Amino acid sequence: MVRGDGTVLFANSALEDALGTSRRSIEGASFLPFFTEPQVLRTALDGARINEYAALRYDARLVRHLSEPMPVHVVLAQTDTPDEFVVELLPLEAQARQDREERLIDQAQANKELIRNLAHEIKNPLGGIRGAAQLLEMEIEGKDLKEYTRVIIHEADRLQTLVDRLLAPHRRPHVVGDVNIHEVCERVRSLILAEFPRGLRVVRDYDTSIPEFRGDREQLIQAVLNIAHNAAQALAERMAAGDAMLTFKTRISRQVTFGKQRYRLALELHVIDNGPGVPDSIKDRIFFPLVSGREGGSGLGLTLAQTFVQQHHGLIECDSVPGRTDFKILIPLP
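In this report, the structure presented in the accompanying data block is examined. (Residues numbered from 1 in each chain as written. Predicted model: local features only at pLDDT ≥ 70, side-chain atom pairs only at ≥ 80, totals over all residues. Heavy atoms only, no water.)

1. Overview of the overall build of the protein chain
Just so we agree on the cut-off: Under the scheme used here, helices are H or I runs from DSSP no shorter than 4 residues and strands are E runs no shorter than 2 residues, and both carry numbers assigned from the N terminus. Accessibility here uses a 1.4 Å probe with only protein chains present; expressed as a share of the type maximum, an area under 20% marks a residue as buried, one over 50% as exposed, and anything in between as partly exposed. Residue contacts are counted whenever heavy atoms from the two residues lie within 4.5 Å of one another. The method behind every accessible area is Shrake-Rupley, applied with a 1.4 Å probe, and residues are considered shielded solely by the protein chains displayed.
Secondary structure assignment for the protein chain yields nine helices and 11 strands. Buried positions account for 39% of the 334 residues belonging to the protein chain. Pairs at least 24 residues apart make up 62% of the contacts formed inside the protein chain by residues separated by at least 6 positions. For the protein chain, the accessible surface area stands at approximately 18600 Å², while carbon and sulfur atoms represent 52% of it.

2. Observations regarding unusual backbone geometry
Trans peptide bonds make up the majority, and among non-glycine residues the majority have a negative phi. For Asp-83, which is not a glycine, the phi torsion comes out positive at approximately 55°. The topology assignment puts Asp-83 in the loop between strand 3 (70–78) and strand 4 (84–91). Look at His-313: it is not a glycine, yet its phi comes out positive at around 65°. Structurally, His-313 can be placed in the loop between helix 9 (301–310) and strand 10 (315–321). On the accessibility criterion, His-313 (59% relative accessible area) is exposed.

3. Topic: the pattern of salt bridges
Two side chains that carry opposite charge are able to pair once their charged atoms sit near each other. What counts, and what does not: When a carboxyl oxygen of Asp or Glu is within 4 Å of a side-chain nitrogen of Lys or Arg, the pair counts as a salt bridge.
Summed over the entire model, instances satisfying the criterion amount to 15 salt bridges. Between Arg-23 and Glu-16 there is a salt bridge, with its nearest N and O atoms 3.7 Å apart. Of the residues examined, Glu-16 reaches a relative accessible area of 22% and is grouped as partly exposed. With its nearest N and O atoms 3.8 Å apart, the salt bridge here joins Glu-147 to Arg-150. Here Glu-147 pairs with Arg-150, and both are found in helix 5 (residues 143–171), just three residues apart, close to one helical turn. Counted as one network, the salt bridges with shared partners bring together Glu-137, Glu-147 and Arg-150.

4. Here's the deal with the sheet that holds strand 2 (residues 55–62)
Selection criterion: A pair of strands is considered paired only if DSSP assigns at least 2 bridges between the two.
Strands sit in the order 1-4-3-2 across an open sheet of four strands; the sheet is antiparallel. On the outer flanks of this sheet lie strand 1 (2–3) and strand 2, each paired with one strand and no other. As judged from the two bridges shared by strand 1 and strand 4, these two strands associate in the antiparallel manner. Paired with Arg-3 across the two strands is Glu-84, which belongs to strand 4.

5. A word on the packing of aromatic side chains
Our working rule: Note on ring pairs: Phe, Tyr and Trp rings are taken, using the six-membered ring of Trp, and paired if centres are within 6.5 Å. Classes follow the plane angle, with under 30 degrees stacked, over 60 edge-to-face and the rest tilted.
Across all of its chains, the model carries two aromatic pairs by this definition. Ring geometry for Phe-31 against Phe-34: centres 5.7 Å apart, planes inclined by 45°, an arrangement best described as tilted. Here Phe-31 and Phe-35 contribute two aromatic rings whose centre-to-centre distance is 5.1 Å and whose plane-to-plane angle is 80°, an arrangement assigned as edge-to-face. Neither residue differs from the other here; Phe-31 and Phe-35 are each classed as buried. Here a set of aromatic residues connected by ring pairs shows up, and it is made of Phe-31, Phe-34 and Phe-35.

6. Quick word on the side chain of His-73
With respect to the secondary-structure elements, His-73 resides in strand 3. Judged by relative accessible area, His-73 falls into the buried class, the value being 16%. Aside from chain neighbours lying at most four places away, what touches His-73 is Arg-57, Tyr-58, Asp-59, Glu-88, Leu-89, Leu-90 and Leu-92.

7. With respect to the sheet that holds strand 6 (residues 200–205)
Worth spelling out the cut-off: Axes here refer to lines fitted to C-alpha atoms; in helices the fit is confined to the stretch in contact. Angles between the N-to-C directions go from 0 to 180 degrees.
An order of 6-8-9-11-10 is seen for the five strands of this open sheet, with the pairing classed as mixed. Each edge of the open sheet carries a strand with a single partner, namely strand 6 and strand 10. Across the sheet, the mean angle separating the axes of adjacent strands is 20° when strand polarity is ignored. Here six bridges tie strand 6 to strand 8 (residues 244–258), and the two strands are oriented parallel to one another. Considered in strand 8, the bridge of Val-203 is made with Thr-247. Sheet contacts for helix 6 (residues 181–195): strand 6, strand 8 and strand 9 (261–273); angle to strand 8, the most-contacted strand, approximately 155°.

Printed below as a string of structure tokens:
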């Protein structure tokens, strides 16, 4: 809260943390010198004082003690009290993260509807094609011709399997019980090491104080396995060199916001690999169905993982550069 001349009337603890300065030294002082371009706030306050606008938004840089300036989005608004204004500062990194999370949630919802509708549209004619091919096979006698009908039946069955996988998360009931996230990680770890026994080191970095929570254990195993399996496949060259590494890391986050909700506690599960990274061409689309960076991949693993985690009111994020890819699963804790 500031007066029209920029004097700070009230500052919250978040501003103290951001500036690295006590509230006592902020309140009563001018807020203008806390910006790299103080004249912008001066002009904005002058305009607000003469009622040129009720609210104004602009981007600025906040000067911090012993740190680099922080890029922020400034929202200046009038209050009901004369010559008193609210200055809201949103760190641009946090704002960008929130926008990205909202896009992921909206995208996942759209994907779910698209998959469900598309799968049903494919399934109905597929049964007719397979049935007609079977009847045709019974009518013809030539062995060569029967080979053609078998190809039709085989490909119809392959498509049916794909459709079943698309519909799987929407068909299966959500079985809720007590989940220990480290039991989930250990199960996935054993499955990965059984499939990739050579050249891969799986590192465990667990916070054992994380409590159990209510969830579907099998769905979470499948979600983590899909991510870890993709990572292991991306590490093929590193495995050949003998220095492939996959890390399961668990932490607790406090006062975290995701999915438009604020939670007191949340589980953070990181699946980190030292592979080549997600190709730039698909970075923004990796959770889309049928998008794969690997030759022969179905492009369903991450889509299903995101669906399963969102059924736990959570979210999966990805941060990837060559040499380090980090898939972060966020799930609210009680």
